[in-house]
Amino acid sequence: MKVYLLFPLISILILASCQQKENKDNITYTKELKKQKQIYLPIDENTYFVSKSIFQFEENGREYLFFENRQKSMYDIIIFDLENQIVSKRIPIQREGSNGIPAMMGSKPFFDSNNLMVFQHNISRISFLNGKGEVIRNFPIKKEGYFIEFNLSSYFYMPTFAKDSVIYISQRSKGKGKRVGYDKIPLFISFNQKTGEIDWLPLYFPTNFDGDYTIVKGEDAFSYDYNNINNQLICSFTNYDSIMVTENLKDVKWYNAKSRYLKNMKPNIDNHTNDIYGLIKNEEKPKYLHLMYDKYRNVYYRFAEMPCKLAKDETPYDNFAPKAREFSVIILNDKFDIIGETKFPGNKYFYRMSFVGKDGLYISENNLANPEFDENKLVFSCFKLVDINE
């Protein structure tokens, strides 16, 4: 009799384990990312296959991808039609003259493909362009401040955002600080297009950041995204388990967003040096990368990079190169509860080029370690958010 009762009991236990997964932190995982499809976007010999400024947007009921190209001989913006997987149009960017943009350091569509924002960090200027690449208006952005320099750029993991007539731009320190107090260093500036007024937002690094800080070449101390629906700004710090959320750009709350695959990280910016040894140490350590809001499913994705060892032929001087890095994507709901985490192999995807679309989360496959890598096209895998074991 005992033998017969054993089988129903085992079946119940297996069923329960399939419906949800828990870890040692007592977090119940109910969601995961599952590959749904691939898309292939054509590029020519004048287009580099990597860009930090990629943004999905909708126009006239269609879905497009904005792609900034400034790595090869061309200097332009490509608009891809995602449904038909073709180039919809190219917007030339001139370097000189009345429409000149001498050094494009990030750009994004401002509502649609006929209104663009282009950022020029080296000359502290934001330019608004039309769909032909013609400058509509230039805004100089200059203001002196202690231990702060304006970081005029807009990348998919640090997107400049606007609210009413005010533009908000992230900031970084000028270099090495001698315990100046990170709780006094603003993370963002605001620029009012109507009045020209520039100010710092009362949002700062966590108060328990410690140690001297040396900017490591190519690294940003935090990533963020803005939820236009709920007016929420969410910041993810490179070496911190928790994320920061504010609804009024002043008062903040902290939520746990730790990866189950990484050890606990306290909010500390290591005292790296810019020599080869400091750069290698920084490149090999685990870290949290970009955070993205999915407006279609009302969830957040936080990317976590696993620890690694640089190969003999790798250099730490370009940490945005599409190398082999194992990573995971932590999924949070609209209450910032962790509801899932999916791990990805390091020899397939290039997670530092991702975007959210109608059908799911798109992650690039243009990884140099990918056996199917082809520099003549952009390849993205689309991952659908599903219930575990669906």
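Along every chain, residues carry numbers that run from 1 in the direction the sequence is written. Two thresholds apply to this predicted model, a pLDDT of at least 70 for residue-level local features and 80 or more for giving and counting side-chain atom pairs, whereas whole-chain, interface and lining totals are computed over all residues. Where side-chain values are given, they derive from all heavy atoms of the structure, hydrogens and water being excluded.

Moving on, we get to the packing of aromatic side chains. Any two of the Phe, Tyr and Trp rings considered here, Trp counted by its six-membered ring, make a pair once their centres fall within 6.5 Å; the pair's planes then place it as stacked at under 30 degrees, edge-to-face at over 60, or tilted in between. Counting across every chain of the model gives 31 aromatic pairs. Ring geometry for Phe 355 and Tyr 362: centres 4.6 Å apart, planes at 5 degrees, overall stacked. Accessibility expressed as a relative area gives 3% for Tyr 362, which makes it buried. Taken together, the ring pairs in this structure connect Phe 161, Tyr 168, Phe 188, Phe 222, Tyr 224, Tyr 226, Phe 237, Tyr 240 and Trp 254 into an aromatic cluster. Above the face of the Phe 55 ring, Lys 108 is positioned so that its terminal group lies 5.3 Å from the ring centre. Over the face of the ring belonging to Tyr 261 we find Lys 343, whose NZ or CZ atom lies 4.5 Å from the ring centre. Classification of residues uses two cut-offs on accessible area relative to the type maximum, computed with a 1.4 Å probe and protein chains only: under 20% is buried, over 50% is exposed, and between them is partly exposed. When the NZ atom of lysine or the CZ atom of arginine is within 6 Å of a ring's centre and also within 35 degrees of its normal, the charge is said to sit over that ring.

Core analysis: the largest hydrophobic core is formed by 74 residues, its most contacted members being Phe 188, Tyr 301 and Phe 303. Whether two residues are in contact is decided by their heavy atoms, any of which lying within 4.5 Å being enough. Setting aside residues no more than four positions away along its own chain, Phe 303 makes contact with Lys 287, Tyr 288, Leu 289, His 290, Met 292, Phe 327, Ser 328, Val 329, Tyr 351, Ser 354, Leu 361 and Ile 363. For the purposes of this section, nonpolar cores are sets of buried Ala, Val, Leu, Ile, Met, Phe, Trp, Tyr and Cys residues that join through side-chain atoms within 4.5 Å. In terms of nonpolar packing, the next biggest core, distinct from the first, is built from 19 residues, Ile 234, Ile 330, Phe 336 and Ile 338 among them.

So, about the pattern of salt bridges. In the sections that follow, a salt bridge refers to a side-chain nitrogen of Lys or Arg positioned within 4 Å of a carboxyl oxygen of Asp or Glu. With the rule as written, the count across this model stands at 16 salt bridges. Ionic pairing is found between Lys 358 and Glu 58, a salt bridge with its closest N-O pair at 3.6 Å. Residue Lys 358 is found in the loop between β25 (350-356) and β26 (361-364), and its partner Glu 58 is found in strand β4 (residues 54-59); the two are separated by 300 residues along the sequence. The residue Glu 372 makes a salt bridge to Lys 348 at a minimum N-O spacing of 3.8 Å. Within this pair, whereas Glu 372 is found in the loop between β26 and β27 (377-387), its partner Lys 348 is found in the loop between β24 (338-344) and β25, the two being separated by 24 residues in sequence. Take Lys 348: its relative accessible area is 18%, and that puts it in the buried class. Each of Lys 35, Lys 348, Glu 365 and Glu 372 takes part in a single network of salt bridges with overlapping partners. Strands are runs of DSSP state E lasting at least two residues, helices are runs of H or I lasting at least four, and both sets are numbered from the N terminus onward.

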